[in-house]
Amino acid sequence: MKNKDSILNGLIIYNSKYGATRQYAEWLAQALKIPLIRSGETTAAQVTNADFLLIGTPVYMGKFRMLKWIRKNMKNIRNKKLFFFIVNATAPGELAKRDKFVLDNLPGEIRAKSSIYFLPGRLIHKKLTLFDRLMVAIGVRIEKNPEKRKAMRSDLDAVKKDNLTPLINSVNDFYYRGQLLSSTSVATHG
Ligand SMILES: Cc1cc2nc3c(=O)[nH]c(=O)nc-3n(C[C@H](O)[C@H](O)[C@H](O)COP(=O)(O)O)c2cc1C
């Protein structure tokens, strides 16, 4: 019992269009020493074998880029510990918008037991596809707040390793608590 069950396997699964979420995923993999996979490359067996998952997704037009993957893999992930890192352009105080992202994108049965972290992303206007530029332009037009409109027209480049500290601490806490509990139970029953 003891060896296999006392080791918690973690896996980072992410998707990224312009690289911000990928950068965070790579830093997490280095810091936590757990493997990372792009969402398009995961197999059911890899997901099944993991005890906990870090799921990284950017937000586009209010929608998680990992939404399809989450829906497709619900059966396989619903009983695992899930950490979400959501890469986006909201300011830390925009709680209503952030809550709405979560409500609109995460099925209720995993929402309550997941740990959810918002990370500031990167949006460099001249690097966007024509379609994405158009989408941003539409977003600017419908935004009523002039300050926010101005912010949306400017580049955003807030991807920093330090932003990951709270998430890394939380994963480490979970991991070491899990190790401790399983080693205690080995001692008790052994
Ligand atoms: C077309 C477009 C739509 C976006 N929509 C949203 C949005 O609805 N909410 C938000 O907070 N950020 C939005 N963003 C910002 C992205 O989430 C941000 O740029 C993120 O860093 C992208 O991550 P990626 O580089 O991993 O793809 C949008 C960006 C683009 C280009």
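Note that the structure is a prediction, hence the values are computed from the model and not measured.

## Observations regarding the overall build of the chain
Counting its secondary structure elements, the chain contains ten helices and eight strands. For the C-alpha atoms alone, the extent of the chain along its principal axes is close to 65 × 30 × 25 Å. Considering the chain as a whole, with its 190 residues, one finds that 22% of them fall into the buried category. Intrachain contacts of the chain at a sequence separation of at least 6 include 79% that bridge at least 24 residues.

## With respect to the site of the ligand
What surrounds the ligand is a group of 22 residues, the closest being S16, T21, P58, N88 and G121. Broken down by secondary-structure element, the contributors of at least two residues to the shell around the ligand are α2 (20-32), β3 (52-60), β5 (81-88), β7 (122-123) and α8 (130-142). Of the residues belonging to the shell around the ligand, the class tally is twelve nonpolar, seven polar and three charged.

## A look at the environment of N79
Turning to its location among the elements, N79 is positioned in the loop between α5 (74-77) and β5. What makes N79 exposed here is the crowd of 10 C-beta atoms within 10 Å.

## Focus: the pairing of strand β1 (residues 10-14)
The buried count for β1 comes to five of five residues, which makes it a mostly enclosed element. Of the two faces of β1, the one lined by G10, I12 and Y14 and the one lined by L11 and I13 are each fully buried. In this sheet, β3 lies alongside β1 in parallel orientation, the contact comprising five bridges. Residue G10 lies in a different strand from β3, and its bridge partner there is F52. Bridge count for β1 against strand β2 (residues 36-38) is three bridges, and the pairing is parallel. Among the inter-strand pairings, I13 is bridged to a residue of β2, identified as I37. Crossover β1 to β2 through α2 is right-handed.

## Some words on the environment of F101
For F101, the location among the structural elements is in helix α6 (residues 95-105). Given 20 C-beta atoms within 10 Å, F101 falls into the buried group. Counting along the chain gives 80 residues from F101 to L181, while the straight-line C-alpha distance between them is 34 Å. Ignoring anything within four residues of it in the chain, the contact list for F101 reads V59, G62 and I86.

## Things to note about the nonpolar core
Residues L54, F85 and I86 are the most contacted members of the largest nonpolar core, which totals 29 residues. Where this core is concerned, the elements lending two or more residues are β1, α2, β3, α4 (67-72), β5, β6 (115-120) and α10 (165-189). Among the elements that line this core, the one with the most residues is β5, at five residues. Setting aside its immediate chain neighbours within four residues, L54 contacts G10, I12, L28, F83, F85 and V171.

## Points about the UniProt feature "domain: Flavodoxin" (unreviewed entry) in the chain
UniProt marks residues 11-147 with the feature "domain: Flavodoxin" (unreviewed entry), using the numbering shown here. Taken end to end, residues 11-147 has its terminal C-alpha atoms 39 Å apart, with 43% of it in helix and 25% in strand.

The rules behind these values
Residue indices follow the written sequence of each chain, beginning from 1 at its first position. Reporting in this predicted model follows two pLDDT cut-offs: at least 70 for local features of residues, and 80 or more for side-chain atom pairs to be given and counted; totals over whole chains, interfaces and linings ignore these cut-offs and use all residues. Secondary structure elements are taken from DSSP: a helix is a run of H or I of four residues or more, a strand is a run of E of two residues or more, and numbering for both begins at the N terminus. Think of it as a crowd count around each C-beta: if 20 or more other C-beta atoms lie within 10 Å the residue is buried, if 12 or fewer it is exposed, and in between it is partly exposed, with C-beta placed from the backbone throughout. Any pair of residues counts as being in contact when their C-beta atoms, constructed from backbone geometry, are within 7 Å of one another. Should the C-beta atom of a residue, placed from the backbone, lie within 6 Å of a molecule or strand, that residue is near it. Residue polarity follows a fixed list, in which Ala, Val, Leu, Ile, Met, Phe, Trp, Tyr, Cys and Pro are nonpolar, Asp, Glu, Lys and Arg are charged, and the others, Gly among them, are polar. Two strands qualify as a pair provided DSSP detects at least 2 bridges between them. Orient the strands so they point away from the viewer; a crossover is then right-handed if the path from the first strand over the helix to the second runs clockwise. We define a nonpolar core as a collection of buried residues of the types Ala, Val, Leu, Ile, Met, Phe, Trp, Tyr and Cys that are connected via C-beta atoms lying within 7 Å of each other. UniProt positions are given in the numbering used here, feature names are shortened, and annotations may be inferred rather than shown by experiment.

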